[in-house]
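Coordinates in review
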Protein chains: 2
Amino acid sequence: MKDKVKDWMKANEKYGVELLQKLIQCDSVQGNELKVQKLVEGELQQLNLTVDRFVPGEETISHPAFCANRTDFKESPNIVGVLKGSGGGRSLILNGHVDIVPPGNKEDWKANPYSGEVKDGRVYGRGATDMKGGNTSMLLALKCLKELGITLKGDIIFESVVEEESGGTGTLAAITRGYRADAALIPEPTKMKVFPKQQGSMWFRLKITGRSAHGGTRYEGVSALEKSVSVIQAIQSLEKERNEQITDPLYQNIPIPVPINIGKITGGDWPSSVPDQIVIEGRMGVIPGEAMEEAKLEMKRALESIEDPWLQENPVSLEWFGARWLPGEVEENHPLMMIIGDHFERITGKDVTIEASPWGTDGGLLTEEGDTPSIVFGPGETAVAHFANEYIEIDQMMLASELFVHIIIDWCGKAN
Amino acid sequence: MKDKVKDWMKANEKYGVELLQKLIQCDSVQGNELKVQKLVEGELQQLNLTVDRFVPGEETISHPAFCANRTDFKESPNIVGVLKGSGGGRSLILNGHVDIVPPGNKEDWKANPYSGEVKDGRVYGRGATDMKGGNTSMLLALKCLKELGITLKGDIIFESVVEEESGGTGTLAAITRGYRADAALIPEPTKMKVFPKQQGSMWFRLKITGRSAHGGTRYEGVSALEKSVSVIQAIQSLEKERNEQITDPLYQNIPIPVPINIGKITGGDWPSSVPDQIVIEGRMGVIPGEAMEEAKLEMKRALESIEDPWLQENPVSLEWFGARWLPGEVEENHPLMMIIGDHFERITGKDVTIEASPWGTDGGLLTEEGDTPSIVFGPGETAVAHFANEYIEIDQMMLASELFVHIIIDWCGKAN
């Protein structure tokens, strides 16, 4: 079986690369996911899965874990494909998101972010690693199982979801629609490390108020930008304090286990006026096991304790908005953890690395709200995700696919 | 004569306030000045001035001192009204701009910025002090001269110009059209201080480059915002150094004689991505007597000397754009300085204050490019200019107008 799968992968690498290219060529930023989902839908139909296309609706929007910057998902359907097993096996959700973050400054890209260019054994493009590469690995694994004539005992539920980058509404909608399994595998780009724990995260918006004045008499105003520098420094200190407290050995190799990232700043409307408002948007990591509300409180306290008379009189406004990912964890000795580790070591001859995820994924929702213990394990690396010139190594994508075939067979059971 | 003018002012205060309200009610931000200029044009025609309406054209755009963020001024005409004297007197340019800066955050305004609301002896609205109040003082002075039947020996050239807030193209166009005089008076809001010197200023745009990454592994990227904090601090140090060197006694009461103001910041496009570019726009003051190019060089050096390995490898991009005001100065014992001082002390009974202007005005252009020594002296104060809830004291506006009548008569000479 080991050789059969390896040979199949070799024979189908070109198919895999072309599939990934097609996925990348669909610009699927938030609100624009329909085209790529139709492509996935077609792929699942060819694999004889029973396909369910649906948009997040009222049940999802009214769910306590719902968190999004929109309520209209018309152009953003989920695609779920079910491959019924013959019975008596464990079921598995394969979950991957198709939404991507915006490409950033296009001048930084050597090629068009949506080209899917192949070069030096890599496929380039926005979403290559986060996570259309992982999605391709899963689709190839299912194709391999089909073409090798393998029938599974347990069900496979393939979830191609939207909105992971902005709060997990896609996965939440799959949960509210009733999809559950004995475990879930999410091939986010872990560089083939296994992540049983993942931090949560949530988005904040700060408004820092100053007082406008003519730039030539700027001492008559209060620069919201100068005050923002104090706010940025307070956030840096908070990040440092929070991370110094983390002793979990799964985080020991991660420079900043649970980062607070400032992603966006905007303010002022005239070069020679003192800016009277700055808006900052960012993402705060939530430690596995920490309550979201506790993390929010820490941010609030950090902002309130900035020693600046102006900011004491004119407090920074703090709002939690848009995206939110619950932290989540499964036991390190969960049976699926064991299976992943065993196959990794058997196929690659290397030791498996188990770490805590530096970012939130939909695994938090699946584990906490969907009763489905979730493990994150996939090809690609976040060093290139959300970056210009994002890419994935073709070898890694094919290796992941090969491993997925063995993991699926082992978890779900082989009927024939 | 002193009483006649005072009585006329008292009788015409209501007219003045209503005229100012009408000027404020025309939103005349850059590109939107046509409506207010038609109003001024009508006023000048009623005063029997010969009116010249023209837009800045090729001669202006190709002038070495031209500096603007646009070349199309179709909707932004200048209005110049000439009142020919009987001969044998000194000519005077009365120069005022009608363009205003944007109102900023409208929530900070108690009333609509374009209401022209009258309350507690003040007229409120964007442009009230900078400088539609000063313009009203001048128009009232001309109306007073006409209604008191006074004929002048020297010519009055009333220049209602555009684009002062963004580089002086309006005044430059009046210069290239040939308007010159023996002196100019610009009633910018000096709080009735007399400004024989004015600093120049120019706008800069900085681009700070980082490297994007996923916010959850933000240590894999380089935050352009964190680097921007160093840049902001370098600019603050440069401002401090430059100002410590200024010993001119005319600046002794000004907290920061020649400020560098950062007016605008924007960067990043996703809360959970590391921002890979920040753009900062600001205004650098130029010391009277300092060459613009020398000031530019100081900024360049300050940015280059930031001790940060990343910024050494990825230098901050520096661009000078949009607006620029030349510094300018006339002698403190210029005859018009004397006349202004004498009438101020005679009418108000207070000592006149002579200072250096904390901001650039079109006086730099008039003095340096238009061969017309210019003095800035007017009602209102920059403490409220470019601010929410900008206003002007009606008493001050009327006092300025009264003084202008006497100053004009004294400078141009009375023929009858």
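Residues numbered from 1 in each chain as written. Chains lettered and ligands numbered in written order. Predicted model: local features only at pLDDT ≥ 70, side-chain atom pairs only at ≥ 80, totals over all residues.

1. Here we look at the domain arrangement of chain A
All names here are of chain A.
- Each domain of chain A was delimited in the assignment, giving domain 1 (2-198 + 327-412) and domain 2 (201-324).
- A separation of 33 Å is found between the C-alpha centroids of domain 1 and domain 2.
- Counting from both sides, the interface comprises 15 residues of domain 1 and, opposite them, 16 residues of domain 2.
- It is strand E14 (residues 354-357) that provides the largest number of residues to the side of domain 1 that touches domain 2, a total of 3 residues.
- Of the residues contributing to the side of domain 1 that touches domain 2, the split by class is 7 nonpolar, 5 polar and 3 charged. (Domains from an automatic or database assignment. Contact = placed C-beta atoms within 7 Å. Helix = DSSP H or I, 4+ residues; strand = E, 2+ residues; numbered from the N terminus. Nonpolar A, V, L, I, M, F, W, Y, C, P; charged D, E, K, R; others polar.)

2. Quick word on the interface of chain B and chain A
- At the interface, 54 residues of chain B touch 54 residues of chain A.
- Among the secondary structure elements, those contributing two or more residues to the side of chain B that touches chain A are strand E9 (200-209), helix H6 (224-244), strand E10 (260-267) and strand E11 (277-286) of chain B.
- A total of 7 residues in the side of chain B that touches chain A trace back to one element, the largest contributor, which is E10(B).
- Counted by class, the side of chain B that touches chain A contains 24 nonpolar, 22 polar and 8 charged residues.
- Two elements, strand E10 (residues 260-267) of chain A and E10(B), share 3 bridges in a ladder whose sense is antiparallel. Directly across from Ile265(A), in E10(B), lies its bridge partner Gly267(B). (Pairing = 2+ DSSP bridges.)

3. Remarks on unusual backbone geometry
- Residue Met131(A) is reached from Asp130(A) by a cis peptide bond, and omega for that bond is -5°.
- Mapped onto the secondary structure, Met131(A) falls in helix H4 (residues 128-147).
- The backbone of Met192(B) sits at a positive phi, close to 65°, despite the residue not being glycine.
- One can find Met192(B) in the loop between strand E7 (183-186) and strand E8 (194-198).
- Its identity as a non-glycine residue notwithstanding, Asp371(B) has a phi of 55°, on the positive side.

4. So, helix H2 (residues 34-46) of chain A
Residues and elements named next belong to chain A.
- Between the first and last C-alpha of H2 there are 19 Å, a value that for 13 residues agrees with the 18 Å anticipated at 1.5 Å per step.
- Looking only at H2, the buried set comprises Val36, Gln37, Val40, Glu43 and Leu44. Each buried residue of H2 lies within a common arc of 115° when the element is viewed along its axis, so the set occupies one face. Facing away from the buried side of H2, by more than 90 degrees, are the exposed residues Gly42 and Gln46.
- Downstream of H2 by one or two residues, Asn48 has phi in the positive range, about 65°. (Expected span 1.5 Å × (residues − 1). Buried ≥ 20, exposed ≤ 12 C-beta atoms within 10 Å, placed from the backbone. Arc of directions from axis to C-beta.)

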